[in-house]
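Single-letter residue listing:
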Amino acid sequence: MMAFSGAKEDGREVKIYEYLDELSTDLAEYISELSEASVKERGVFAIALSGGSLISLIRKLCEAPYSKTVDWSKWYIFWVDERVVAKNHADSNYKLAKDGFLSKVPIVPSHVHSINDTVSAEKAAEDYEFVIRQLVRTRVISVSDVSDCPKFDLILLGMGPDGHIASLFPDHSILDEKDEWVTFVTDSPKPPPERITFTLPVINSASNVAVVVTGSSKAEAAHLAIDDVGPDVPSSPAKMVQPTKGKLIWYLDKAAASKLDCTKCSE
Ligand SMILES: O=C1O[C@H](COP(=O)(O)O)[C@@H](O)[C@H](O)[C@H]1O
C-alpha cells in the first residue's frame, strides 16, 4: 500500500511508498498511462531517461501486462544525461538502460537516440542537440507553447544524495544555462567527469516530469528539494525542477521521504 500521496500548494505531487515493489508498479502504471495518452493525442511518445537507480525502478514495464499492452512501436527514447564513455562501458547510461530495459521490450532500434560516443563531451552535446532539433522539426518531439524548447512527453529523473539531477550538480555554472538545450561538463564531481546533460529550460518544458528517489542517503536532499526550507540552504538542482506548464510528480520510498515535512502536503 502507498504510505502517503499528497499535493503541495503549487500542484506538485508527492507519492511515498512503503515498499520498492509498490513504487515500481505504480511508476509503470503512470508511464503506461502517459504513453497511451500521448500516442492517442500525437501518435508518438517521446520519453527521456536518466541513468542510475531509475532503470531498475522502471523494470515492471518489461513485465505483464505492460510488456503486451504498451504500444512500444510509438516510443522514442532519449537520455536526459549521459556519461561520455563508450556505449559498452560500465559507466554508460545507454548500456544501463539497454541491459535493464530496452533489450526487454520491442522498441524500434531507430527510435533509440543515444549520444555519439566517439567525440568530445562538447561535440557530443552539440550533436545531441542537433538530433533533438531535427526531431522537434518533424514533431516526433513536441514544442513548448511558451518558448522554442522541446517538450518531451515525459522526463524521468533520479536524484543524487547531493541533490543533483541529470548531470546538473550543485553550484555548477551550467545550472544558469538558458540558451542551449544540451550542454556538457568536464568536471563532474561524481565520476566519470565528462558528461552531457539536458539543461533546466528543457527539463522544465516537459509535459510531465517524474523524480524517482529511494534510500536514506537521499533523505536530506529530498527534504531540501521538496519542503519549503527558505533561502539560506545549500544549492539544490532538484529544487530547480519546476515545470512551467507540465506536471511534476515525486516518487519516493519511505527512507528517502523520512525527513519530509509532510504536514504541508494535503492528502
Ligand atoms: O550520475 C548520475 O546520477 C543520477 C542519480 O543516480 P542514482 O543512482 O543515485 O539514482 C542519475 O539520475 C543520472 O542520470 C546519472 O548520470
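Above this text sits the structure in question.
Treat the numbers as computed from the prediction; the structure is a model and nothing was measured.

Visitor: Before we go on, may I ask you to explain the overall build of the chain in this structure?
Guide: For the chain, the count of helices and strands is 7 helices and 12 strands. With the C-alpha coordinates of the chain rotated into their principal frame, the extents come out at 45 × 45 × 40 Å. Burial status across the chain gives 54% buried among its 267 residues. For the chain, long-range pairs separated by at least 24 residues make up 73% of all intrachain contacts whose partners lie at least 6 apart in sequence. If you sum the accessible surface of the chain, you get close to 11700 Å²; carbon and sulfur atoms cover 52% of it.

Visitor: Honestly, the sheet that holds strand E5 (residues 81–83) in this entry has me stumped. Any pointers?
Guide: As a general point, the strands of a sheet are linked pairwise by backbone hydrogen bonds and lie either parallel or antiparallel. With antiparallel pairing, 3 strands are arranged side by side in an open sheet as E5-E10-E9. Of all strands in the sheet, those bounded by a partner on one side alone are E5 and strand E9 (182–185). The mean angle between the axes of side-by-side strands here comes to 20°, regardless of whether they run parallel or antiparallel. Contacting E9 and strand E10 (195–198), helix H5 (residues 121–137) crosses the sheet at an angle of about 165° to E9.

Visitor: So what exactly am I meant to see when it comes to the site of the ligand here?
Guide: Around the ligand, 14 residues are found, and the nearest of them are Gly51, Ser53, Asp81, Lys190 and Lys218. Note that an oxygen atom of the ligand is positioned 2.5 Å from one of the side-chain N or O atoms of Ser53. Here Asn93 contributes a side-chain N or O atom positioned 3.2 Å from an oxygen atom of the ligand. Partitioned by chemical class, the residues of the shell around the ligand number 2 nonpolar, 7 polar and 5 charged.

Visitor: Any chance you could explain the environment of Leu23 here in plain terms?
Guide: Its location among the elements puts Leu23 in helix H1 (residues 20–42). Counting along the chain gives 80 residues from Leu23 to Ser103, while the straight-line C-alpha distance between them is 22 Å. Beyond its immediate chain neighbours, meaning those up to four positions away, Leu23 contacts Tyr17, Leu57, Val212, Thr214, Tyr251, Leu252 and Asp253.

Visitor: What is the right way to read the side chain of Glu129 from this model?
Guide: Relative to the helices and strands, Glu129 resides in helix H5. Other than its neighbours up to four places away in sequence, Glu129 contacts Glu180, Trp181 and Val182.

Visitor: Would you mind going over unusual backbone geometry with me for this structure?
Guide: Following Ala64, the chain continues into Pro65 via a peptide bond in cis, with omega recorded as 0°. Mapped onto the elements, Pro65 comes out in the loop between helix H2 (54–57) and helix H3 (66–69). A cis geometry characterises the amide bond from Pro191 onward to Pro192, with omega recorded as -5°. By secondary structure assignment, the location of Pro192 is in the loop between E9 and E10. A positive phi angle is found at Asp171, which is not glycine, with a value near 65°. Position of Asp171 relative to the elements: it lies in the loop between strand E8 (154–157) and E9.

Visitor: Can you walk me through the nonpolar core in this structure?
Guide: Generally speaking, nonpolar side chains in soluble globular proteins are found buried as a group. In terms of nonpolar packing, the biggest core is built from 89 residues, with Ile31, Trp75, Phe78, Phe101, Phe152, Phe198 and Leu252 touching the most fellow members. Setting aside its immediate chain neighbours within four residues, Trp75 contacts Ile31, Ser35, Phe45, Ile47, Leu61, Val70, Phe101, Ile107 and His111.

Conventions we followed
Residues numbered from 1 in each chain as written. Predicted model: local features only at pLDDT ≥ 70, side-chain atom pairs only at ≥ 80, totals over all residues. Heavy atoms only, no water. Helix = DSSP H or I, 4+ residues; strand = E, 2+ residues; numbered from the N terminus. Buried < 20%, exposed > 50% of the residue type's maximum accessible area, 1.4 Å probe, protein only. Contact = heavy atoms within 4.5 Å. Areas by Shrake-Rupley, 256 points an atom, 1.4 Å probe, with all protein chains shown as cover. Pairing = 2+ DSSP bridges. Axes fitted to C-alpha atoms, helices over the stretch in contact; angles between N-to-C directions. Near = heavy atom within 4 Å. Polar contact = N/O pair within 3.5 Å; in protein donor to acceptor, adjacent residues only side chain to side chain. Nonpolar A, V, L, I, M, F, W, Y, C, P; charged D, E, K, R; others polar. Core = buried A, V, L, I, M, F, W, Y, C linked by side-chain atoms within 4.5 Å.

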